[in-house]
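Okay, here's what each chain looks like letter by letter:
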Amino acid sequence: QVQLVESGGGLVQAGGSLRLSCAASGLTFSNYAMGWFRQAPGKEREFVAAISRGGGVYADSVKGRFTISRDNAKNTVYLQMDSLKPEDTAVYYCAAASGRGGITLRQYDYWGQGTQVTISS
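Conventions and cut-offs
Residues numbered from 1 in each chain as written. Predicted model: local features only at pLDDT ≥ 70, side-chain atom pairs only at ≥ 80, totals over all residues. Heavy atoms only, no water. Pairing = 2+ DSSP bridges. Helix = DSSP H or I, 4+ residues; strand = E, 2+ residues; numbered from the N terminus. Axes fitted to C-alpha atoms, helices over the stretch in contact; angles between N-to-C directions. Disulfide = S-S within 2.5 Å. Buried < 20%, exposed > 50% of the residue type's maximum accessible area, 1.4 Å probe, protein only. Polar contact = N/O pair within 3.5 Å; in protein donor to acceptor, adjacent residues only side chain to side chain. Core = buried A, V, L, I, M, F, W, Y, C linked by side-chain atoms within 4.5 Å. Contact = heavy atoms within 4.5 Å. Phe/Tyr/Trp six-rings, centres within 6.5 Å; stacked < 30°, edge-to-face > 60°. Lys NZ or Arg CZ within 6 Å of the ring centre and 35° of its normal.

> I'm lost on the sheet that holds strand E8 (residues 76-81) in this one. Help?
Sheet strands pair by backbone hydrogen bonding; their relative direction is either parallel or antiparallel. A sheet is described by the order of its strands in space; here four strands give the open sequence E1-E3-E8-E7, paired in antiparallel fashion. What marks the edges here is a single partner per strand, and that holds for strand E1 (3-7) and strand E7 (66-71). With direction set aside, neighbouring strand axes in the sheet form an average angle of 15 degrees. Note that E7 and E8 share six bridges and pair antiparallel. Residue pairing in the sheet places Ser 69 in a bridge with Tyr 78 of E8.

If you want it as C-alpha cells, here you go:
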C-alpha cells in the first residue's frame, strides 16, 4: 500500500532553518504531484507548497522562505524552510496527488502522518 513518511521536524529558534523530507513507497512516485500542508493547533490544515513536473508553487505566507524539491530517484520530496517564524509552528503533512495536485486538500489522494515543527521566539 501507499506510504508517505515525513521526517526532519523539530524545535528551532526563530530565524533558523529546517529541512523536511517525505519518503514515498507503494506508488510510481514520478507520476504524482507532491504537496506539503500544515496544521497549527485550533486551525484548519492549510496549503504550504506543491511540486509536479514543473517548478514549485507556494502559499504567500512562505514564498521566498520555503523551497520544495523532489528526487524521483529516491522517491522523496523535500521542504527546505528558512527564516522560520513562530507562526510557522504546526504539524507538517506530506501528500501525493495522482492528478495535477494543487493547493486544496481534496486534490490529494494520500497523506502522511505528519511531523511537528515548533519555532520558538
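> Looking at this structure, I do not really get the state of the cysteines. What am I missing?
Each disulfide is one covalent bond, formed between the sulfur atoms of two cysteines. Inspection of every chain in the model, using the stated rule, returns one disulfide. Through a disulfide, Cys 22 is tied to Cys 94; the S-S separation comes to 2.1 Å. Across the S-S bond linking Cys 22 and Cys 94, the dihedral sits near -75 degrees, which makes this disulfide left-handed. Of the two residues, Cys 22 is situated in strand E3 (residues 18-25) and Cys 94 in strand E9 (residues 90-97); the sequence distance between them amounts to 72 residues. What makes Cys 22 buried here is its relative accessible area of 0%. A relative accessible area of 0% means that Cys 94 is categorised as buried.

> Please explain the environment of Asp 88 as it appears in this structure.
Along the chain, Asp 88 turns up in the loop between E8 and E9. A relative accessible area of 1% means that Asp 88 is categorised as buried. For the pair Asp 88 and Val 12, spaced 76 residues apart in sequence, the C-alpha to C-alpha distance is 11 Å. Within polar-contact distance, the side chain of Asp 88 engages the side chain of Arg 38 at 2.9 Å.

> Sorry, what's going on with the nonpolar core here?
Proteins that are soluble and globular tend to have nonpolar side chains buried together. With 36 residues, the main nonpolar core has Met 34, Trp 36, Val 77, Leu 79, Met 81 and Tyr 92 as its most contacted residues. Counting residues per element, the ones that place at least two in this core are E3, strand E4 (33-39), strand E5 (46-51), E7, E8, E9 and strand E11 (115-120). Of the residues forming this core, the biggest block, six residues, is contributed by E9. Residue contacts for Met 81: discarding those within four places in its chain leaves Gly 16, Ser 17, Leu 18, Leu 20, Arg 65, Phe 66, Tyr 92 and Val 117.

> Honestly, the packing of aromatic side chains in this entry has me stumped. Any pointers?
The description of an aromatic ring pair rests on the distance of the ring centres and on the angle between the ring planes. Enumeration over the complete set of coordinates arrives at five aromatic pairs. For the pair Phe 37 and Phe 47, a centre-to-centre distance of 5.7 Å together with 75 degrees between the ring planes defines the contact as edge-to-face. Taken as a pair, Phe 37 in strand E4 and Phe 47 in strand E5 lie far apart in primary sequence, ten residues in all. The residues Phe 37 and Phe 47 share a single accessibility class, namely buried. Ring-pair connections join several aromatic residues into one group, and the members of that group are Phe 37, Phe 47, Tyr 108 and Trp 111. The cationic tip of Arg 45 hangs over the ring face of Trp 111; the distance from NZ or CZ to the ring centre is 5.1 Å.

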